[in-house]
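Chains, contacts and geometry: an overview
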Amino acid sequence: MLAKLVGKHLFMSWSRPEIANPVREVSRHMTEGTKEAFEQAMRIRDYLVATRQRGRIIAPKRSFNDIDRGEELIIRGISDANYATDPETRKSVTGLIVYLEDAVVASGSKGQNSPALATTEAEFYAAVAAAQQRQINENGYALSLGCQGAPSNRDTSDVILA
C-alpha cells in the first residue's frame, strides 16, 4: 500500500513540485514500510486533496510557432541546497528548477552523492546539477523544436544560486 501511494506521489510531483522533497523523504523508508512513513504519505495525500487548485502552469512567454528556427531559446535554471539535511550521512539535498521561455520544464529534489564540507560547497553542487539539467533540456528541446542545439562550451552563468 505504501509503495502504491508513494508511486502516485512521485507521478504527481511533476505537476506539483512543492511535494518533491517530502515524497523523496517518504520514499527513503519504503523498504521498512513503517507506520510513520505511511502516515507521512497520507499527510502528503491530504495536502494534495486540500490544494487541488494549485499546480504547474505551462505558459511560455512566446509561442513556439512564432520562433525563428535560428533564434536562441531562453533556458534558465535555479538551484538551492539544504546543507547536511540527512542526520545519518550528513549529506545535503539539492533542489532545482529549469525554465524554457519562463515555463517550468524540469524540477527535482535529490540527495547529493557525497557530504559537503560547507554550505557553499553544497550550493556549488546544486548549481552544477542545475547547469547539467539545463544543458540536457536545452539540447533536447531545441532539437525537438527544429532549432539548433547549444554548443557544449556554452556559458552557464544564468544558473542562479537561490
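Definitions and cut-offs
- Residue numbers restart at each chain and count upward from 1, following the sequence in its written direction.
- Only residues with pLDDT of at least 70 are given local features in this predicted model, and only at 80 or more are side-chain atom pairs given and counted; all residues enter the totals for whole chains, interfaces and linings.
- With hydrogens and water excluded, all non-hydrogen atoms of the structure serve as input to the side-chain values.
- Secondary structure elements are defined from DSSP: runs of H or I of at least 4 residues count as helices, runs of E of at least 2 residues count as strands, and each element is numbered from the N terminus.
- Exposure is judged per residue with a 1.4 Å probe applied to protein chains only, and the accessible area is read against the type maximum: over 50% gives exposed, under 20% gives buried, and values in between give partly exposed.
- In what follows, a contact means two residues having at least one pair of non-hydrogen atoms within 4.5 Å.
- Accessibility throughout is a Shrake-Rupley quantity obtained with a 1.4 Å probe, and a residue counts as covered only by protein chains that appear here.
- Within a predicted model, pLDDT stands for the predictor's per-residue confidence, ranging from 0 to 100.
- For helices, the fitted line uses only the C-alpha atoms of the stretch in contact; every axis is such a line through C-alpha atoms, and the angle between N-to-C directions lies from 0 to 180 degrees.
- Put simply, angles under 35 degrees are roughly parallel, angles over 145 are roughly antiparallel, angles from 65 to 115 are roughly perpendicular, and the rest are oblique.
- By the definition used in this description, the sense in which the near helix is turned from the far one sets the handedness, with an anticlockwise turn below a right angle giving left-handed and a clockwise turn giving right-handed.
- Any residue that is not Ala, Val, Leu, Ile, Met, Phe, Trp, Tyr, Cys, Pro, Asp, Glu, Lys or Arg is counted as polar, Gly included; the first ten are nonpolar and the last four charged.
- The arc in question is the one traced by the directions running from the helix axis out to the C-beta atoms.
- Salt-bridge detection follows one rule: a side-chain nitrogen of Lys or Arg within 4 Å of a carboxyl oxygen of Asp or Glu.
- Nitrogen and oxygen atoms within 3.5 Å of one another constitute a polar contact, given that in protein one can donate a hydrogen and the other can accept it, and given that sequence-neighbouring residues count only through two side-chain atoms.
- Among the buried residues, those of types Ala, Val, Leu, Ile, Met, Phe, Trp, Tyr and Cys that are joined through side-chain atoms within 4.5 Å form a nonpolar core.

1. Quick notes on the overall build of the protein chain
Scanning the protein chain for helices and strands turns up 4 helices and 4 strands. Listing the helices and strands of the protein chain from first to last along the sequence gives α-α-α-β-β-β-α-β. Residues classed as buried in the protein chain amount to 33% of the 162 residues present. When contacts within the protein chain are restricted to residue pairs at least 6 apart in sequence, long-range pairs at least 24 apart make up 59% of them. For the protein chain, the accessible area works out to roughly 9900 Å², and carbon and sulfur atoms hold 56% of it.

2. Focus: the confidence of the model for the protein chain
On average, residues of the protein chain score 80 in pLDDT, and 78% of them reach the 70 mark or higher. Element-level mean pLDDT values for the protein chain span from 48 in strand E4 (residues 159-161) up to 94 in helix H3 (residues 35-50). For residues 149-154, every residue scores under 50 in pLDDT, and the model assigns this stretch 12 contacts once sequence neighbours within four places are set aside.

3. So, the packing of helix H2 (residues 20-27) against H3
Running from amino to carboxyl end, H2 crosses H3 at an angle of 160°, the nearest separation of the two axes being 9 Å. When the axes of H2 and H3 are compared, the pair comes out roughly antiparallel. For the crossing formed where H2 meets H3, the hand is left-handed. Seen from H2, the contacting residues are Pro22, Val23 and Val26; seen from H3, they are Ala37, Gln40, Ala41 and Ile44. For the contact of H2 with H3, the per-class residue count stands at 6 nonpolar, 1 polar and no charged.

4. Some remarks on helix H1 (residues 2-12)
Among the residues making up H1, those that are buried are Leu2, Leu5, Val6 and His9. When H1 is viewed along its axis, its buried side chains cluster within an angular range of 95° and face the same direction. In H1, the exposed positions angled more than 90 degrees off the buried face are occupied by Lys4, Lys8 and Phe11.

5. What about H2?
Along an α-helix, a turn takes 3.6 residues, which lines up residues three or four apart on a common side. When we look at burial in H2, the residues that qualify are Ala20, Val23, Arg24 and Val26. When H2 is viewed along its axis, its buried side chains cluster within an angular range of 165° and face the same direction.

6. Brief notes about the pattern of salt bridges
All told, the structure shown has 6 salt bridges when counted by the stated rule. Where Arg45 meets Asp46, a salt bridge forms, and the shortest distance between an N and an O atom there is 2.8 Å. Classification of Arg45 as partly exposed rests on a relative accessible area of 34%. One salt bridge connects Asp102 with Arg76, and the closest N-O pair in it is separated by 3.2 Å. Linking Asp102 in the loop between strand E2 (93-100) and strand E3 (103-111) with Arg76 in strand E1 (residues 75-82), this pair joins segments that are 26 residues apart in sequence. It is possible to trace a salt-bridge network through shared partners that takes in Arg24, Glu25, Arg28 and Asp86.

7. Some points on the environment of Glu32
Among the secondary structure elements, Glu32 is positioned in the loop between H2 and H3. Residue Glu32 is classed as partly exposed on the basis of its relative accessible area, which comes to 47%. At 3.4 Å, the side chain of Glu32 and the side chain of His29 are in polar contact.

8. Considering the nonpolar core
Generally speaking, soluble globular proteins have nonpolar side chains that are buried together. Formed by Leu2, Leu5, Val6, Ile19, Val23, Val26, Ala37, Ala41, Ile44 and Leu48, the largest nonpolar core amounts to 10 residues. Per-element accounting of this core gives the leading share, 4 residues, to H3. Residues contacting Leu2, with those up to four places away along its chain left out, are Val26, His29, Met30, Gly33, Ala37, Phe38 and Ala41. Counting residues in hydrophobic clusters, the runner-up holds 8 residues, among them Ile75, Leu96, Leu100 and Ala106.

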